[in-house]
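Observations on chain architecture
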Amino acid sequence: MMNNLQHLTQLLDCAFKDKPNNQAIVGLDNVINYDQLYNNSICLENYLSANIGKGTVAIMLPNLLAFPVSLFGVWYADRTATLINPLYTSDEVLKQCLDAQVTTIIIAKVFYKTLRPILKKTKIKHVITVEVGDLQPTIKRYIVNLITCIKRKTFMIQKRSGVNYITLNKVLKNHTYRLTSKTFKNEVALLQYTGGTSGVLKAATLKHKNILANIDQLKQWLPKDINSDSSILTALPLYHIFALTINCLLFIHIKATSILVLNPRDIKQLITPIKKYNIDAITGVNTLFNVLVRHKEFKKLDWSHLKVSVSGGMPLDKKISDLWQSVVGKPIVQGYGLTECSPVVSAESYETSEYTGSVGKPLVDTTIKIFDHSLHDMKTNEIGEIGIKGPQVMESYWHKEELNKEVFTENGYFLSGDVGYIDEQGRIFIVDRVKDMIIVSGFNVYPCDVEQVLNQHPEVIESACIGIKHKVSGQSVKAFVVKKSGSILDKHTLIEHCKEHLTHYKIPRKIEWIDSLPKSNVGKILKRKLMH
């Protein structure tokens, strides 16, 4: 495995040793090189090793320079990290902190107001606060922090007695660059929570060896001309495993540069780095690419350095991929992954010449099988549940013994909950989630099939389909559709469009116009919110 690397900190060790002056991370237009990333991570390790006891360390940060510093600091201190979405409510933060047994949290000061009401219910004894301007040049840091305080009204934080508070800036000033001599004993790198679309809280126990295996697999997949001089646009949040593994850890492994976007929902923040830097790679979800291709400046941007664009997390819409290819000259390649798999399972070749609808072939050392309901193997082109085996697959969910028995087959395949098939060329096609499948009069309807047809209509921006009760057929299809601004598209016309492309039982019985679809912070459509 990767020249016998055993611990994720060795990724940064190697980059620091071989390319200390290479640009590691760009955030708010400021660069930190591998020398700075390493030294700041060691400062944090010194503090953590000297001051905190047992327990998981939570990191609740957006895409700031402090994020990789915090994560590597935790790993150098031989602790397990859990990454918390900064947009979570207090209740959601509480549930994760209790489940993960968090005793220390590294949190953006602007989000402390979410933590404060529930702090007394947790086991947290140490709070390290991060300001948006941290790790910026001194004058810029003061200005950025002042503006943030004024905008967010966060000049002072209300401290709780019995809890130790310190700022990351103070930690980095007061501790040395010398690593505490230690042998790493903790195998678990991350308690990475999943189940956002289903609503069930559970953590994949990802060991260092799982994530390192996936990084090695991805390095073998990467275009050969992506190297230590390359850069990747990181618009997805680093607390999401897709961006963490590819944009952060893989690019540290190849000693390249990750350009952070603090808030991709602000289209200016998304477009500006594309104008300013030579972007070699970009990762995103369908929603992100949709925003880009519809932006007025999209066709004016210089994409000449771009080697690969990767979409994951949700199905990629053909219309969006075709628009992208018409401008960029290359299609968006699709990958498939799950949090439980560190996360990448398969990917199309970067040499793919057109949209195929496939998520490619399994990565090296990864085996895929398609199972029926009785866990019998399915044949080529037969639809069933996707099972995965490989070194990147977690060994278990955190403290979920009964669930662990359900999700692994006797011969060690992880049951993904995704429905798909493998074609004659060995390519994987995802049909839908098992839980999202709609059964109409005994026929299986995969919402993805209906959504693709709806989205092909020129007046439709996006759509989502769910199953609703029907007294005759058991269930029927209901579609939530976002129309283009000013569109006069009516329901009858859209149903007629569906009739041209879908068999009768797949056609939506109900259509509801909606201004926007409910989405997670990374752009996944939250269908459970459409069911209320």
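Before reading further, recall that the structure is shown in the block above.
Residues numbered from 1 in each chain as written. Predicted model: local features only at pLDDT ≥ 70, side-chain atom pairs only at ≥ 80, totals over all residues. Heavy atoms only, no water.

1. Observations regarding empty space enclosed by the protein
Counted by the stated rule, this structure contains 2 cavities of 30 Å³ or more. Counted as a void, the largest cavity has a volume near 60 Å³. Together, Ala 108, Lys 109, Val 110, Val 130, Glu 131, Val 132, Asn 145, Thr 148, Cys 149 and Thr 154 line the largest cavity. Considering every element that reaches the lining of the largest cavity, the biggest residue donor is helix α6 (residues 138-152), with 3 residues. For the lining of the largest cavity, the per-class residue count stands at 5 nonpolar, 3 polar and 2 charged. In this structure, the second largest cavity occupies an estimated 40 Å³ of space. Contributing to the lining of the second largest cavity are Ile 274, Tyr 277, Asn 278, Ile 279, Asp 302, Trp 303, Ser 304, His 305 and Leu 306. For the lining of the second largest cavity, the per-class residue count stands at 5 nonpolar, 3 polar and 1 charged. (1 Å grid on protein atoms, 1.4 Å probe; cavity = no way out; pocket = protein on both sides within 12 Å on 5 of 7 lines; lining within 4 Å. Points joined across faces, edges and corners; volume = space filled by probe spheres on them. Helix = DSSP H or I, 4+ residues; strand = E, 2+ residues; numbered from the N terminus. Nonpolar A, V, L, I, M, F, W, Y, C, P; charged D, E, K, R; others polar.)

2. Concerning α6
Given a rise of 1.5 Å per residue, 15 residues ought to cover 21 Å, and the 21 Å separating the end C-alpha atoms of α6 matches this to within 8%. Of the positions making up α6, those classed as buried are Arg 141, Val 144, Asn 145, Thr 148 and Cys 149. Seen end-on, α6 carries its buried residues on one side only, within an arc spanning 135°. The exposed set on the far side of α6, more than 90 degrees from its buried face, consists of Ile 139, Tyr 142, Ile 150 and Lys 151. If you follow the buried residues of α6, they end up packed against α7 (168-174). In the segment just after α6, Lys 153 is the residue with positive phi, at about 55°. (Expected span 1.5 Å × (residues − 1). Buried < 20%, exposed > 50% of the residue type's maximum accessible area, 1.4 Å probe, protein only. Arc of directions from axis to C-beta. Contact = heavy atoms within 4.5 Å.)

3. Some points on the environment of Asp 99
Turning to its location among the elements, Asp 99 is positioned in helix α4 (residues 90-100). On a C-alpha basis, the gap between Asp 99 and Lys 202 in space is 8.5 Å, while along the polypeptide they are 103 residues apart.

4. Observations regarding a nonpolar patch on the surface
There is a patch of nonpolar side chains on the surface, built from Leu 146, Ile 150, Phe 155 and Met 156 and spanning about 480 Å² of accessible area. Among the secondary structure elements, Leu 146 is positioned in helix α6. (Patch = residues over 30% accessible without salt bridge, like charges linked within 9 Å, V, L, I, M, F, W, Y side chains within 5 Å. Areas by Shrake-Rupley, 256 points an atom, 1.4 Å probe, with all protein chains shown as cover. Salt bridge = Lys/Arg side-chain N within 4 Å of Asp/Glu carboxyl O.)

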